[in-house]
Amino acid sequence: MDREFARITDEIKEKQEITKEQLEYIFENSDEENAEYLYRAAREVSEEVFHKEVYLRGLIEFTNYCKNDCYYCGIRCSNKNAERYRLTEEEILSCCEMGDKLGFKTFVLQGGEDAYFTDEKICDIVSGIKERFPDSAVTLSIGEKSKESYKKYFDAGADRYLLRHETANEEHYSMLHPANLSGAHRKQCLRDLKEIGFQVGCGIMIGTPGQKTEHIYEDICFMKELGPHMIGIGPFISHKDTPFKDEPNGSVEKTLLLLAILRLIFPKVLLPATTALGTADNLGREKGILAGANVMMPNLSPVNVRKKYLLYDGKICTGEEAAECNMCLRNRVERIGFKVVDIRGDHPDFLKN
Ligand code: SAH
């Protein structure tokens, strides 16, 4: 056991802070024994806050039309091989109906930036869901909009918004996105969302081309400044019809290390064990929970569209019905000694007025 590794872990836990040097040390010295020390520390923190409970969020991927052209993403507008689809409001509601039967209390509507879904349509969908399932939380994940639009969604009843900032470093951002998109604007969106009163989620991919440890350090600094309710992280996985098709995938181990570090720095933050983590490693999501994650997002999209929402190659859970995914996840959670709870699972400090 490396004493220095243990000392650094303990210090991060105590101060809820990390330096760039400490982050480098962890990434460079994480043999199995060291990593396990860090995961155990993170697990202890998450058990204190969440008591081995895992929250589920039902994910509804309602459109794969997108006006953006992010270099990493399989549904980027210039991917002519992507077969595009949109769900109708009725189809979205019947996904929620199914989710409700399965016990889910949060519905996450995710999609590309699709102009077909005007603010009015989004608001109708949100208020329709809230009317039918008043005890459930509605989360939107539909990209960068104006503050006015965000306010309309909030007033229609949306509770939460997920918008990964992808990378806090502007230069790195420009390696991942075309010139019409900027990291500064994406960060501003997150600040707007928070100001409006949303519970917000930011986040990054691990191992995107050009990512350096100092970028991840900047990401952590940005997270500290933003104070998100959720942080979504998963490995980058290449997609064959994107400019990054030949780029190596992000590391599962590094994702787990960062999950654990984030748990130590942000004891109460909601940390999903993501689908990308489960795609990169069959037991990735379980390992994520054992490294401090406390949320999972089973797919509620209709089976006939699942394969079309392909952000990256090999995405798991594209062939099963929602009920099957639900059972599979619950079993996976139980097998490692945790339990799924059917509650909204708001951030512990979030008080709804
Ligand atoms: N249009 C929405 C949803 C984007 S998809 C938005 O802009 O927020 C949700 C997340 O999937 C992205 O934020 C990105 O971090 C992740 N993602 C996209 N392509 C990926 C890939 N190739 N590998 C891993 N994660 C990917």
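As a starting point, this report considers the structure included with it. Since the structure is predicted, the reported quantities are computational estimates derived from the model, not experimental observations.

Turning our eyes to something else, we now look at the nonpolar core. A general trend in soluble globular proteins is that nonpolar side chains are found buried together. With 97 residues, the main nonpolar core has I129 and Y153 as its most contacted residues. Residues contacting Y153, with those up to four places away along its chain left out, are D119, I122, C123, V126, L140, I142, K145, A158, Y161 and F198. Core analysis: the second largest hydrophobic core is formed by ten residues, F50, L59, M230 and M297 among them.

Another point: the packing of aromatic side chains. Counted under the stated rule, the structure contains ten aromatic pairs. Relative to Y153, the ring of Y150 lies with its centre 6.3 Å away and its plane at 75 degrees, an arrangement referred to as edge-to-face. With Y150 and Y153 both in helix 6 (residues 147-155) and three residues apart, the pair spans about one turn of that helix. On the numbers, 5.9 Å between centres and 75 degrees between planes, the contact of Y161 with F198 is edge-to-face. Separated by 37 residues along the polypeptide, Y161 in strand 5 (residues 160-162) and F198 in the loop between helix 8 (183-196) and strand 6 (199-206) bring together distant segments of the chain. As far as burial versus exposure is concerned, Y161 and F198 are alike and both buried. Here the aromatic cluster, defined as three or more aromatic residues joined through ring pairs, consists of Y150, Y153, F154, Y161 and F198. Here the guanidinium or amino end of K121 rests over the ring plane of Y116, the centre of that ring lying 4.2 Å away.

Let us look at helix 14 (residues 322-335). Taking 1.5 Å of rise per residue, the 14 residues of helix 14 would be expected to cover 20 Å, and the 20 Å separating its terminal C-alpha atoms lies within 8% of that figure. Within the span of helix 14, buried status applies to A322, C325, N326, L329, R330, R332 and V333. Each buried residue of helix 14 lies within a common arc of 160 degrees when the element is viewed along its axis, so the set occupies one face. Away from the buried face of helix 14 by more than 90 degrees, exposed residues E334 and R335 are located. Taken together, the buried residues of helix 14 touch strand 1 (53-56), helix 4 (89-102), helix 12 (284-290), strand 8 (295-296), helix 13 (303-306) and strand 9 (339-341). In the stretch just after helix 14, G337 is the one whose phi turns positive, near 85 degrees.

On to the sheet that holds strand 8. Strand order in the open sheet formed by three strands is 8-1-9, and the pairing between neighbours is parallel. Because the sheet does not close on itself, it has two edges, and the strands there are strand 8 and strand 9. In this sheet, strand 8 lies alongside strand 1 in parallel orientation, the contact comprising two bridges. If you follow Y55 over to strand 8, its bridge partner there is V295.

Definitions and limits used
Each chain carries its own residue numbering, running from 1 in the direction its sequence is written. For this predicted model, a pLDDT threshold of at least 70 governs which residues receive local features, and a threshold of 80 or more governs which side-chain atom pairs are given and counted, while totals over whole chains, interfaces and linings are taken from all residues. Neither water nor hydrogens contribute to the side-chain values; these are computed over all heavy atoms in the structure. Throughout this description, the term nonpolar core refers to a set of buried Ala, Val, Leu, Ile, Met, Phe, Trp, Tyr and Cys residues connected via side-chain atoms within 4.5 Å. Each residue is placed in one exposure class: buried if its accessible area under a 1.4 Å probe, protein chains only, is under 20% of its type's maximum, exposed if it is over 50%, and partly exposed if it falls in between. Here a residue-residue contact requires only that any non-hydrogen atoms of the pair lie within 4.5 Å. We call Phe, Tyr and Trp rings a pair once their centres come within 6.5 Å, taking the six-membered ring for Trp, and we label the pair stacked below 30 degrees between planes, edge-to-face above 60, and tilted otherwise. Strands are runs of DSSP state E lasting at least two residues, helices are runs of H or I lasting at least four, and both sets are numbered from the N terminus onward. We call a charge positioned above a ring when the Lys NZ or Arg CZ atom is no farther than 6 Å from the ring centre and deviates by at most 35 degrees from the ring normal. The span you would expect from a helix comes to 1.5 Å times its residue count less one. Taken from the helix axis, the directions to the C-beta atoms give the arc we talk about. We call two strands paired when DSSP finds no fewer than two bridges between them.

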